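Residue strings, one per chain:
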Amino acid sequence: MDIWNRHIECMDRDELKRIQSERIVETVERVYFNVPYYRHKMQEAGIGPEKVKSIDDLWKLPFTTKQDLRDNYPFGLFAVPMTEIVRIHGSSGTTGKPTVVGYTRDDIAIWSEVMARTLTCAGANRNDFIQIAYGYGLFTGGLGLHYGGEKIGASVIPISGGNTRRQIQIMHDFGSTVIACTPSYALYLAEAMIESGISRDEFKLKAGVFGAEPWTENMRREIEDKLKIKAIDIYGLSEVMGPGVASECLVQEGLHISEDHFYPEIIDPETLEVLPEGSMGELVFTTLTKEGLPLIRYRTRDLTRLNYGRCKCGRSMVRMDKCIGRSDDMLIIRGVNLFPSQIESVLLEMSGIKPHYQLIVDRVNNLDTLELKVEVDEDFFLDKISQLETLRMKLQDNLQSSLGLGIKVTLVEPKILGRSEGKSNRVIDKRKF
Amino acid sequence: MIIPQLSIFLENKSGRLTEVLEALGKENIRIIALSVADTSEFGILRLIVPDPDRARALLKEQHFTVNISEVISVRTPNEAQHYARLLRILSDLDISVEYTYGFPHGKEAVIVLRCSNNEEAVKALENKNIELLSAKDFKDF
């Protein structure tokens, strides 16, 4: 099994800690002096940069949240002048303002490096043809994989998402050996491959790197059986970098975090205390080398646990488990982030319906489906069918344009959706993770 | 000559119509006329009852989405040509019919209409000596 950067990835953990400590000191100084928002936050907490002498002092610093990014939209948290920023990405599908991330030339180089590690983890090298079926655009998936693929010298096929029939044809004709997409799309492709009538033997596919949405071990087995490939779980979030933050190796026992660039902590989402090694809790990242948008103790809201034991593959980098859920109510639908509050704000802007709703998430033929049940406003309800149909279509259109997601709207009677039962009943997720 | 009618929003789900009628039945509410409009997603139940305000309050208590809408009604001989005649009167004046339903009453037919403009429709029909029914007439059915 190849390792892209053996020197770092198999590094002695004491040595790694020394590097992390050097880098955290630099990062904290940089954000303190270059980002007013961080400086104010640290001053409020009564902490100057001199208080952080090693990675062991990290806990003293305040957390950063998605809300902080929104409050500083678009570039307020950038730590370099815009002349240094060579790329801007945004988080997938949020209402109104996306969370914006900026990269310097060095950031892009590091992103390519960690993606090269990820692809090597999945067994890819310069002989491979990597078909990138993640979306290209503001979303970090497509270009993140792309740069990593070029870095290892593979032949990159930037086909982007969608158009399944063409995906199958290119996969066959170009002899793609690695596919990168969401796990649910991988299952969709598996079926399309069968429908194409082309025998599996005529494809050269051997591995897939799958991320951007939660998936289970069962789903992995199904993908591996149906596509006859090794299915590798990758993890990343645009705020921290994009894909490449962590990746499984071929041992498939946890995802190695590139700890020399992204320092992980596990906290209790309620008390915000750092939890002891091996505990399940919310994953928090501090970037150690990022220049454009350094993040201090960024709360990912993903729930997982860390394993510091050395992996059979030889890498010493800490491994995180597959994420088991979220510490907030964010849903990931076809790779797009969705908060129920976003639906609420679309409903509040419309007359004719009440902001009482129920969202039903399901997975049909391996694709996420959304159904939104909303109550008709009695004062608006006259007795015309056409009026109700117009209302339904208009709501569907508004949801599509502000969330970027197709949602089937069903009008319901008020009795159905309980008033007092709280948020938990607002979303019914029938998907099995 | 405007008649109040109950309109009840119904999800397309078995048992819902039964529940509305049971709720009214318990209070011995008489139904004079009834019609159901449906789409694949939902339906609207339309009822004419002797005391629509009371029926509405009852249904609201049971959390039904209910409103009072206005319709007009005419009595004609029970033959197609008579129905056609009154529709022609309306269409000649560009008054459109949003929906209509009817029921027999002896040898005559009672026809309920919701028009784009009920007041104008009443005027037009009265001018042609068509017999319009009032809410009070309905109570005697």
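Residues numbered from 1 in each chain as written. Chains lettered and ligands numbered in written order. Predicted model: local features only at pLDDT ≥ 70, side-chain atom pairs only at ≥ 80, totals over all residues. Heavy atoms only, no water.

Visitor: Honestly, the overall build of chain A in this entry has me stumped. Any pointers?
Guide: Counting its secondary structure elements, chain A contains 11 helices and 21 strands. The C-alpha radius of gyration of chain A comes to 23 Å, within 12% of the 22 Å expected for a compact globule of 433 residues. Per-residue burial for chain A yields a buried fraction of 57% across its 433 residues. When contacts within chain A are restricted to residue pairs at least 6 apart in sequence, long-range pairs at least 24 apart make up 65% of them. (Helix = DSSP H or I, 4+ residues; strand = E, 2+ residues; numbered from the N terminus. Rg over C-alpha atoms; globule rule 2.2 N^0.38 Å. Buried < 20%, exposed > 50% of the residue type's maximum accessible area, 1.4 Å probe, protein only. Contact = heavy atoms within 4.5 Å.)

Visitor: Any chance you could explain the packing of aromatic side chains here in plain terms?
Guide: Aromatic ring pairs: the centre-centre distance and the angle between the two ring planes describe each pair. Applying the stated criterion to the full structure yields 11 aromatic pairs over all chains. Taking 6.2 Å as the distance between ring centres and 65° as the angle between the ring planes, the aromatic pair formed by Tyr 134 of chain A and Phe 139 of chain A counts as edge-to-face. Above the face of the Tyr 147 of chain A ring, Arg 87 of chain A is positioned so that its terminal group lies 4.7 Å from the ring centre. Positioned above the aromatic ring of Tyr 99 of chain B is the side chain of Arg 46 of chain B, whose terminal nitrogen or guanidinium carbon lies 3.5 Å from the ring centre. (Phe/Tyr/Trp six-rings, centres within 6.5 Å; stacked < 30°, edge-to-face > 60°. Lys NZ or Arg CZ within 6 Å of the ring centre and 35° of its normal.)

Visitor: Looking at this structure, how should I read the sheet that holds strand 21 (residues 427-429) of chain A?
Guide: Working definition: the strands of a sheet are paired by backbone hydrogen bonds and lie parallel or antiparallel to each other. All names here are of chain A. What the four strands build is an open sheet, ordered 20-19-18-21; its pairing is mixed. The two strands at the open ends of the sheet, each matched to only one other strand, are strand 20 (408-412) and strand 21. Across the sheet, the mean angle separating the axes of adjacent strands is 20° when strand polarity is ignored. Here strand 18 (residues 353-364) pairs with strand 21 via three bridges, running parallel. Residue pairing across strands places Ile 360 opposite Ile 428, the latter belonging to strand 21. Lying on the sheet, helix 10 (residues 340-348) is in contact with strand 18, strand 19 (367-376) and strand 21; it crosses strand 18 at an angle near 140°. (Pairing = 2+ DSSP bridges. Axes fitted to C-alpha atoms, helices over the stretch in contact; angles between N-to-C directions.)

Visitor: I'm lost on the domain arrangement of chain A in this one. Help?
Guide: Where the parts come together, the accessible area they lose is often given as the size of the interface. Residues and elements named next belong to chain A. Under the domain assignment, chain A is made up of domain 1 (6-328) and domain 2 (336-429). Between the C-alpha centres of domain 1 and domain 2 the distance comes to 33 Å. Domain 1 puts 15 residues into the contact, and the matching count from domain 2 is 11 residues. Summing both partners gives a buried area of about 1100 Å² for domain 1 against domain 2, and 49% of it is carried by carbon and sulfur. If you look at where domain 1 meets domain 2, you find one salt bridge. (Domains from an automatic or database assignment. Buried area = accessible area lost by both parts, 1.4 Å probe. Salt bridge = Lys/Arg side-chain N within 4 Å of Asp/Glu carboxyl O.)

Visitor: For this particular structure, what's the right way to read helix 1 (residues 16-26) of chain B?
Guide: Helical geometry note: an α-helix holds 3.6 residues per turn, so side chains three or four residues apart project in the same direction. Residues and elements named next belong to chain B. Taken residue by residue, helix 1 has Arg 16, Val 20, Ala 23 and Leu 24 as its buried positions. For helix 1, the angular spread of buried residues about the axis comes to 95°, placing them on one side. Those residues of helix 1 that are exposed and aimed more than 90 degrees away from the buried face are Glu 22 and Lys 26. In the segment just after helix 1, Asn 28 is the residue with positive phi, at about 55°. (Arc of directions from axis to C-beta.)

Visitor: Help me understand the packing of helix 10 of chain A against helix 11 (residues 385-403) of chain A in this model?
Guide: When two helices pack together, their arrangement is captured by the angle between the axes and the distance separating the axes. All names here are of chain A. Orientation of helix 10 relative to helix 11, taken along the N-to-C sense of each, is 130°, at an axis distance of 10 Å. Relative to helix 11, the element helix 10 is oriented oblique. At the point where helix 10 passes helix 11, the crossing takes the right-handed sense. Contact with helix 10, carried on its side by Gln 342, Ile 343, Val 346 and Leu 347, involves Leu 395, Asn 398, Leu 399, Ser 402 and Leu 403 of helix 11 and no other residues of that element. (Parallel < 35°, antiparallel > 145°, perpendicular 65-115°, else oblique. Left-handed = near helix turned anticlockwise from the far one by under 90°.)

Visitor: What's the story with the domain arrangement of chain B in this structure? I'm lost.
Guide: All names here are of chain B. If you check the domain split of chain B, you get domain 1 (3-69) and domain 2 (71-139). With centres defined by C-alpha atoms, the gap from domain 1 to domain 2 works out at 23 Å. Each side of the interface is counted separately: domain 1 has 12 residues, and domain 2 has 13 residues. Its largest share of buried area at the contact with domain 2, domain 1 owes to Ile 3, Ile 32 and Arg 46, together 45% of the area lost on that side. Of all the elements in the fold, those that place two or more residues in the side of domain 1 that touches domain 2 are strand 1 (3-11), strand 2 (33-38) and strand 3 (42-48).

Visitor: Is there a simple way to explain the interface of chain B and chain A in this structure?
Guide: Chain B puts 26 residues into the contact, and the matching count from chain A is 19 residues. When the area that chain B buries against chain A is broken down by residue, the three leading residues are Phe 9, Glu 41 and Thr 65 of chain B, summing to 29%. Counting across the interface, chain B meets chain A through five salt bridges. Residues Arg 114 of chain B and Asp 383 of chain A are paired through a salt bridge, measuring 3.3 Å at the closest nitrogen-oxygen approach. Put simply, chain B and chain A have 10 residue pairs in polar contact (both at pLDDT 80 or more) between them. (Polar contact = N/O pair within 3.5 Å; in protein donor to acceptor, adjacent residues only side chain to side chain.)

Visitor: Please clarify how the nonpolar core should be interpreted in this entry.
Guide: For soluble globular proteins, nonpolar side chains are generally found buried alongside one another. One finds Leu 145, Tyr 235 and Phe 285 of chain A to be the most contacted residues of the largest nonpolar core, which totals 63 residues. In terms of residues, this core owes the most to one element, helix 5 (residues 105-121) of chain A, which gives seven residues. (Core = buried A, V, L, I, M, F, W, Y, C linked by side-chain atoms within 4.5 Å.)

Visitor: Where do I start with a nonpolar patch on the surface in this structure?
Guide: Residues and elements named next belong to chain B. A contiguous nonpolar patch, built from Leu 17, Leu 21, Ile 31, Leu 34 and Val 36 and spanning about 360 Å² of accessible area, is present on the exposed surface. Elements supplying a minimum of two residues to the nonpolar patch: helix 1 and strand 2. Along the polypeptide, Leu 21 turns up in helix 1. (Patch = residues over 30% accessible without salt bridge, like charges linked within 9 Å, V, L, I, M, F, W, Y side chains within 5 Å. Areas by Shrake-Rupley, 256 points an atom, 1.4 Å probe, with all protein chains shown as cover.)

Visitor: It is not clear to me how the environment of Phe 174 of chain A should be interpreted in this structure. Could you clarify?
Guide: All names here are of chain A. Mapping Phe 174 onto the fold places it in helix 7 (residues 164-174). For Phe 174, a relative accessible area of 45% corresponds to the partly exposed category. C-alpha of Phe 174 to C-alpha of Ile 130: the two residues are 44 residues apart in sequence and 9.9 Å apart in space. Phe 174 has contacts with Phe 129 and Ile 157, leaving out every residue within four places of it along the chain.

Visitor: How should I be thinking about unusual backbone geometry in this particular structure?
Guide: Trans peptide bonds make up the majority, and among non-glycine residues the majority have a negative phi. The linkage connecting Tyr 73 of chain A with the following residue, Pro 74 of chain A, adopts the cis geometry, with an omega of -5°. Tracing the backbone shows Pro 74 of chain A in the loop between helix 4 (66-71) and strand 1 (85-90). Backbone geometry at Asn 163 of chain A places phi at a positive 50°, although glycine is not the residue there. Turning to its location among the elements, Asn 163 of chain A is positioned in the loop between strand 4 (155-157) and helix 7. Unusually for a residue other than glycine, Asp 94 of chain B sits at a positive phi of about 60°. For Asp 94 of chain B, the position within the fold is in the loop between helix 3 (80-92) and strand 5 (97-105).

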